[in-house]
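Notes for the structure review
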Amino acid sequence: MYPPPRKDFIALTLSDPHSHAYNNGKHRRRSCWRKWKQLSRLQRSLILFLLVLLLVLGLFLYPSVSEQWRGWSDKEDWLELNDRGFKVEPSPAAGRAPAPVVQPHLGVALDPVVLEKPKEPHIPVLAKPPTKRKASLGKRGPPSLQKDANVSYFTGGGKQEVAPEEPGEEEEEDKDKTIVSWRGAMIEADRATEPSPSAAQKEAPPPPVNPTAAATLEVSSGGASRLEAVRDAFGHAWKGYKEYAWGHDELKPISKSFSEWFGLGLTLVDSLDTMWILGLKEEFAEAKSWVEKELSFDKNVDVNLFETTIRVLGGLLSTHHLTGEQVFLEKAKDLGSRLMPAFRTPSKIPYSDVNIGKGTAHPPRWTSDSTVAEVTSIQLEFRELSHLTQDPQYQEVVNEVSKLVHQLPGKHDGLVPMFINTNSGQFSHKGVFTLGARADSYYEYLLKQWIQGGKTEDHLLEDYLQAVEGVKRHLVKQTGSSRLTIVGELSHNRFNAKMDHLVCFLPGTLALGVHNGLPGDHMDLAVQLMETCYQMYKQMETGLSPEIAHFSLQGGAGQDIIVKPADGHNLLRPETVESLFYMYRFTKNAKYRDWGWEILQSFNKYTKVPDGGYTSINNVRDPANPGPRDKMESFFLGETLKYLYLLFSDDMELLSPDKYVFNTEAHPLPIWPSPPK
């Protein structure tokens, strides 16, 4: 055996150009080149393509990575703020979504028994941290405001551009746009909580917003002060919509822009009756002018029958009743006639989507089914349109749907499946029963149609009473440790302790039924469920409910309410405050007002955007970083704030449930007088 070579010899040979080791390296390089030449042209092309692809990906990812690196330099700005006496929350961990600017915390409500003299609350908005630069913002609003959709948002040197829409792009997008119901009533290709983005929505993500400490502010629990707080909240939301989304469907408050769903001014029309009820005369006059001059349904656009009916048709009808203005009825008649093609199906069960310009209708691309909720929650509005116009066609088509569903097999003690086929007219996907998404408002409209029609349609009452018994028998359970009463779901005889926030409509509906003479034990269930819906807010770190809650039915020391990561968002939904309104009206128990007040404070603290508007958030369990979604739903103004105002009002005759029935978008429609016996 040869002895091992010395280390100094190895170093010498590797550094000597004439050495054998050095020349071996040159031979290896020549060998690699020969192997490259031996590859086929296809193989070489594929390798080069992969290298170019990696280079392009690197260039594409570079800006976002460099933005994060630059973000560290902003720490100096925040340290300087701390030196000046501002209390600032620590920066969120890397990789987590930035938090919205948190708004002033309204103090804990005082004991309702000891009422102070009402005083107007002063709700300041904290000044934003100093930015390195600021650009002029394009504003959209009435003629008095500049109309420019191209806006920029600057925060700490970070910049987001919201580009103006290209005229041709939106039309192309609309052709393939999937229409999805925010209530979950529409059938979705995959379970999501937001509709597929339109052209206007396909913008850069919301810019980072630095969290600030919440300023504590005590506000009197007096009714007048709470009413003013609701007016202030509406005014702040309307300010953002008016400046940055005027005439468009929804406000994107973080990026100071807008998104389109149907292009019908959803937020504006949905808010008309709320403004009237709150006494906001100037804002109402501007909105009415837009409806008169700008709102047109003569456009080539697919709309969802259910959402357009409850938000736009319902909003126009209720505003006509409250104001007596004929313009709103004329617009309602125009829209109603354009929605009628949806009912031209083999079974008379309507399609989900209607093109209001072409007069055509169709189901979603992936199925011929509609959801039960969407076809059975348009009756109040179409019946009222016939009542006002003396044209029976609208009431006839929706009454036919109700009668068909009443007679269908496949129910489970009054509970209905979630889907119904527009060709056969039969239930599909049987075996799954829920009071959440895709079925919820079916049960609500059974009772409300019966009330609207003067309590004369016995088949509606029969279906409602049978359904409540089915709920009590199959869906009601109690949690393990806290004994909270929940309404879960049944899937092929297997119980799932899952409860959508949407289910929180049920306490109010049950209470409304008892108020109209239905069995008293329905109120017992309403009281128990109201407590559960409140705890879905109370037990969250932000004081705001998740979209979906799961419950533990096992005893033990753990928490009863479980929130899965995909379910922790809050969309500013109204169902809980809706039920609080009914529960207070019928029981006069002040705790329901206090619970509503806590919810309003949490909205102000975690969802209020300084420059106007409120935003839905991604994580109700993380108060330091709730994660703004940059979207203000139209129902926040149309429902949530309206029900809060009615909850705090001492005027029990204001939209009395003895005179009005609210559609599922909180638009009040008059109860018809009972026919003579």
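Residues numbered from 1 in each chain as written. Predicted model: local features only at pLDDT ≥ 70, side-chain atom pairs only at ≥ 80, totals over all residues. Heavy atoms only, no water.

1. Focus on helix 17 (residues 521-538)
Spacing of three or four residues puts side chains on the same side of an α-helix, whose turn is 3.6 residues. The end-to-end C-alpha distance of helix 17 is 26 Å, a good match for the 26 Å that 18 residues give at a rise of 1.5 Å each. Of all the positions in helix 17, only His 522, Met 523, Leu 525, Ala 526, Leu 529, Met 530, Thr 532, Cys 533, Tyr 534, Gln 535, Met 536 and Tyr 537 are classed as buried. (Helix = DSSP H or I, 4+ residues; strand = E, 2+ residues; numbered from the N terminus. Expected span 1.5 Å × (residues − 1). Buried < 20%, exposed > 50% of the residue type's maximum accessible area, 1.4 Å probe, protein only.)

2. Re the environment of Arg 585
By the element assignment, Arg 585 lies in helix 18 (residues 575-587). According to the relative accessible area criterion, Arg 585 is buried, its value standing at 6%. When the C-alpha atoms of Arg 585 and Leu 646 are compared, they prove to be 9.2 Å apart, with 61 residues separating the residues in sequence. Those residues in contact with Arg 585 that sit more than four places away from it in its chain are Leu 646, Asp 651, Met 652, Leu 654, Leu 655, Ser 656 and Pro 657. A polar contact is formed between the side chain of Arg 585 and the backbone oxygen of Leu 654, at a distance of 2.9 Å. (Contact = heavy atoms within 4.5 Å. Polar contact = N/O pair within 3.5 Å; in protein donor to acceptor, adjacent residues only side chain to side chain.)

3. A short note on unusual backbone geometry
Phi at Lys 256 takes a positive value of approximately 55°, unusual for a residue other than glycine. In this structure, Lys 256 sits in the loop between strand 5 (250-252) and strand 6 (257-259). We note that Asp 630 has phi near 60°; this positive angle belongs to a residue other than glycine. Within the element layout of this structure, Asp 630 appears in the loop between helix 19 (590-606) and helix 20 (634-648).

4. Overview of the UniProt feature "active site" (unreviewed entry) in the chain
In the UniProt entry, the feature "active site" (unreviewed entry) is given for Glu 307, Asp 440, Glu 547 and Glu 575. Looking at where Glu 547 falls in the secondary structure, it is placed in the loop between helix 17 and strand 19 (548-551). Structurally, Glu 575 can be placed in helix 18. With a relative accessible area of 3%, Glu 575 lands in the buried category. (UniProt positions renumbered as here; feature names shortened; annotations may be inferred.)

5. Focus: the packing of aromatic side chains
The full count for this structure, using the stated rule, is 20 aromatic pairs. Note on Phe 581 and Tyr 582: the rings are 5.0 Å apart at their centroids and 50° apart in plane angle, and the pair reads as tilted. Owing to a relative accessible area of 0%, Phe 581 belongs among the buried residues under this scheme. Judged by centre distance (5.9 Å) and plane angle (75°), the rings of Phe 581 and Phe 662 are edge-to-face. (Phe/Tyr/Trp six-rings, centres within 6.5 Å; stacked < 30°, edge-to-face > 60°.)

6. Here we look at the state of the cysteines
Applying the stated criterion to the full structure yields one disulfide. Residue pairing for Cys 504: its cysteine sulfur links by disulfide to Cys 533, the two sulfurs lying 2.1 Å apart. Negative torsions about the S-S bond denote left-handed disulfides, and the value of about -105° found for Cys 504 with Cys 533 makes this one left-handed. With a gap of 29 residues between them, Cys 504 in the loop between strand 18 (498-500) and helix 16 (506-515) and Cys 533 in helix 17 connect regions that are remote in the sequence. When sorted by exposure, Cys 504 lands in the same class as Cys 533, which is buried. (Disulfide = S-S within 2.5 Å.)

7. Notes on the UniProt feature "binding site: Ca(2+)" (unreviewed entry) in the chain
Feature annotation in UniProt places "binding site: Ca(2+)" (unreviewed entry) on Thr 664, given in this structure's numbering. Turning to its location among the elements, Thr 664 is positioned in the loop between strand 21 (660-662) and strand 22 (668-670). A polar contact of 3.0 Å, which involves the side chain of Thr 664, links it to the side chain of Glu 444.

8. Some thoughts on the pairing of strand 19
Burial along strand 19 is two-sided: Ile 548 and His 550 and Ala 549 and Phe 551, pointing in opposite directions, are all buried. Inspection of the sheet shows strand 18 paired to strand 19 by three bridges, in the antiparallel sense. Directly across from Asp 500, in strand 19, lies its bridge partner Ile 548. Summarising the sheet, strand 19 and strand 20 (residues 561-562) pair through two bridges and their orientation is antiparallel. (Pairing = 2+ DSSP bridges.)

9. Overview of the packing of helix 10 (residues 326-339) against helix 12 (residues 379-389)
Where helix 10 meets helix 12, the axes come as close as 11 Å, and the angle between the chain directions of the two elements is 125°. Judged by the inter-axis angle, helix 10 sits oblique to helix 12. Both helix 10 and helix 12 take part in a crossing whose hand is left-handed. Residue-level contacts link Leu 329, Ala 332, Lys 333, Gly 336 and Leu 339 of helix 10 to Phe 382, Leu 385, Leu 388 and Thr 389 of helix 12. (Axes fitted to C-alpha atoms, helices over the stretch in contact; angles between N-to-C directions. Parallel < 35°, antiparallel > 145°, perpendicular 65-115°, else oblique. Left-handed = near helix turned anticlockwise from the far one by under 90°.)

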